[in-house]
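# Structure at a glance
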Amino acid sequence: MPQKNGNTEGETRTMEQNLLSDIDKSEFRSMMKRGIYKELHRRELLTNAQLDALLEKL
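Computed from a prediction, not measured in an experiment: that's the story for all the values here. (Residues numbered from 1 in each chain as written. Predicted model: local features only at pLDDT ≥ 70, side-chain atom pairs only at ≥ 80, totals over all residues. Heavy atoms only, no water.)

This part takes up the environment of L51. In this structure, L51 sits in helix α3 (residues 48-57). Expressed as a C-alpha distance, the spacing of L51 and Y37, which sit 14 residues apart in the sequence, is 6.5 Å. (Helix = DSSP H or I, 4+ residues; strand = E, 2+ residues; numbered from the N terminus.)

Pasting the structure below:
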């Protein structure tokens, strides 16, 4: 059954699917890792050297 926008239910993508398809997934993962590493460093669970080594890998 067509919806108001003319798409059938099967063609309608959820907002989450649209957002994920518009974002470069590898860049998103890198940003998340960078943030996690920095948070671990802030909490003194990583040394400066460890943080630098992890960030260089990204």
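Here the focus is the pattern of salt bridges. If the charged atoms of two oppositely charged side chains come close together, the side chains can form a pair. Taken as a whole and assessed by the stated rule, the structure comprises two salt bridges. With a shortest N-O distance of 2.6 Å, E39 and R42 are connected by a salt bridge. Of the two residues, E39 and R42 are both situated in helix α2 (residues 25-42); the distance of three residues between them amounts to about one turn of the helix. Ionic pairing is found between E39 and R43, a salt bridge with its closest N-O pair at 2.6 Å. Taking the relative accessible area as the measure of exposure, E39 reaches 28% and is therefore partly exposed. Connected via shared salt-bridge partners are E39, R42 and R43. (Salt bridge = Lys/Arg side-chain N within 4 Å of Asp/Glu carboxyl O. Buried < 20%, exposed > 50% of the residue type's maximum accessible area, 1.4 Å probe, protein only.)

Running from amino to carboxyl end, α2 crosses α3 at an angle of 175°, the nearest separation of the two axes being 10 Å. Comparing the axis directions of α2 and α3 gives the class roughly antiparallel. Contacts between α2 and α3 involve R34, Y37, K38 and H41 from the former and N48, L51, L54 and L55 from the latter. Taken together, the residues of the contact of α2 with α3 break down into four nonpolar, two polar and two charged. (Axes fitted to C-alpha atoms, helices over the stretch in contact; angles between N-to-C directions. Parallel < 35°, antiparallel > 145°, perpendicular 65-115°, else oblique. Contact = heavy atoms within 4.5 Å. Nonpolar A, V, L, I, M, F, W, Y, C, P; charged D, E, K, R; others polar.)

A few words on unusual backbone geometry. The phi torsion at E44 lies on the positive side, around 65°, for a residue other than glycine. Among the structural elements, E44 can be located in the loop between α2 and α3. Accessibility expressed as a relative area gives 71% for E44, which makes it exposed.

Nothing here speaks to function; it is geometry throughout.
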